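Residues per chain, in single letters:
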Amino acid sequence: MPSRCGCRPRADNSVSPIKPKPGILNVKPYEVGVSKLAGIENACKLSSNESALGPSPKAAAAYQAAAEKLHRYPDGASSDLRAAIAAHYGLAADRIICGNGSDELLHLLCQAYIGPGDEMVYSAHGFSIYPIATLAAGGKPVAAPERNHTAQVDALLACVTPATRILFLANPNNPTGTYVSATEVRRLRAGLRDDILLVLDAAYAEFVRCNDYEAGIEMVSTHDNVVMTRTYSKIYGLAALRLGWAYCPAHIIDVLNRVRGPFNVSLPAQAAGIAALQDTAFTQAAIDHNEKWRGWLEEELRKLGLFSDPSVANFLLVSFPAEPGRNAAAADDFLRRNGMIVRRMEGYGLPQCLRVTVGTEAENRDFIRIMTEFTQGKTHAG
Ligand SMILES: *Cc1c(COP(=O)(O)O)cnc(C)c1O
């Protein structure tokens, strides 16, 4: 289409001599969860592990109050937010760095510590941002095999070479929902050279209720090569705000502060982040809701002959049989026709699975009702 000035945009830019750095064109762009279905108003979205209870009303009020100060740059150091996080989790504020979602921090870690020729180790069904951020930095992702959709310490260690710079472990992992015990994570770190950074991505830590799980706070405090990342996108229900943080050794804080944008966390995000931490009753309600309904979903699916991996997070990875008409693609299609969006897993090499977020009571009951119809072989939207 001609633009207003009358000139025509070039049809094809693949012949342009302007090239990105090596590796970038190998990035397969991150596939976000679908949020709309054509022809269906108010589709139910259980595809992005967002909080069933939404944000704390106190966090939403703090966000709104920040509207009056939108002409001001935010505090570039996120000082009050870091102090609030430090107080809440019992950490040192100067070892915390905040980011525009934890994704930004994962990218910054790769940007700072990975270059051409360097390798990053992760587990085969690990979070897809790790290979994306590694390739974008010019490095090479190396995937270690899993057992029962769970990361294996020995397999991860077997992938380490002299070129390894970072090992990313999402614990619990997305999209599998499984976790690695604190003892095993310690064994993993002990098996790494001191010049390899272990990044523990604890995006779902608040949901975990197992005695043998640790998010990584103690390991960061006691070792120079461990980083823990956290997010406000899951338990705190603030995914739209883009807010995450990392707990790091001092030398890594220093490096990340050099490469991050000077105002990488917006003023409304800082304000809402502080308020969300203070609303502990709301956070507890979100944890309790998840625990109750994840168990219910698991059990109801089992009754339908559908099994999920043992999840400690706010979603289930559900496995389907291979037969056409009964497989994951057919189930996804049936769910969509009934106004429900879950996450396809082809991009993770799990085409026989769908990932389903724990929703509100009504959403969970709807999901099971539709899956019941699907397993009974109904083919029409109900
Ligand atoms: C959702 C998620 C994140 C969080 O990303 P944000 O950028 O903070 O929204 C990080 N890691 C994993 C494994 C996740 O599932």
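What counts, and at which threshold
- Residues numbered from 1 in each chain as written.
- Predicted model: local features only at pLDDT ≥ 70, side-chain atom pairs only at ≥ 80, totals over all residues.
- Heavy atoms only, no water.
- Core = buried A, V, L, I, M, F, W, Y, C linked by side-chain atoms within 4.5 Å.
- Buried < 20%, exposed > 50% of the residue type's maximum accessible area, 1.4 Å probe, protein only.
- Helix = DSSP H or I, 4+ residues; strand = E, 2+ residues; numbered from the N terminus.
- Domains from an automatic or database assignment.
- Contact = heavy atoms within 4.5 Å.
- Near = heavy atom within 4 Å.
- Polar contact = N/O pair within 3.5 Å; in protein donor to acceptor, adjacent residues only side chain to side chain.
- Areas by Shrake-Rupley, 256 points an atom, 1.4 Å probe, with all protein chains shown as cover.
- Nonpolar A, V, L, I, M, F, W, Y, C, P; charged D, E, K, R; others polar.
- Axes fitted to C-alpha atoms, helices over the stretch in contact; angles between N-to-C directions.
- Parallel < 35°, antiparallel > 145°, perpendicular 65-115°, else oblique.

> Lay out the nonpolar core with the relevant residues and their values.
Ile85, Leu169, Tyr232 and Trp245 are the most contacted members of the largest nonpolar core, which has 56 residues in total. Broken down by element, the residue count for this core peaks at 5 residues, all from helix H2 (residues 79–89). When residues of this core are assigned to domains, at least three fall in each of domain 1 (33–53 + 281–375) and domain 2 (72–278). Residues in contact with Tyr232, not counting those within four places in the same chain, are Leu81, Ile85, Gly237, Leu238, Ala239, Leu243, Gly244, Trp245, Gly273, Ala276 and Leu277.

> Describe in detail the site of the ligand, supporting the description with residues and values.
The immediate surroundings of the ligand are formed by 13 residues, with Asp201, Thr231, Ser233, Lys234 and Arg242 found nearest. Here Thr231 contributes a side-chain N or O atom positioned 2.6 Å from an oxygen atom of the ligand. Ser233 has a polar side-chain atom sitting 2.6 Å from an oxygen atom of the ligand. For the ligand, whose accessible area on its own is 390 Å², the fraction buried by protein is 94%. If one sorts the elements of the shell around the ligand by residue count, helix H3 (residues 101–113) sits on top with 3 residues. A class-by-class count of the residues in the shell around the ligand yields 4 nonpolar, 5 polar and 4 charged.

> So what about the packing of helix H10 (residues 280–303) against helix H12 (residues 361–375)? Which residues, and what values?
Contact geometry for H10 and H12: axes closest at 11 Å, N-to-C directions at 10°. The orientation of H10 relative to H12 falls into the category roughly parallel. In this structure, H10 contributes His289, Trp293, Trp296, Leu297, Glu300 and Leu301 to the contact, and H12 contributes Glu361, Asn364, Arg365, Phe367, Ile368 and Met371.

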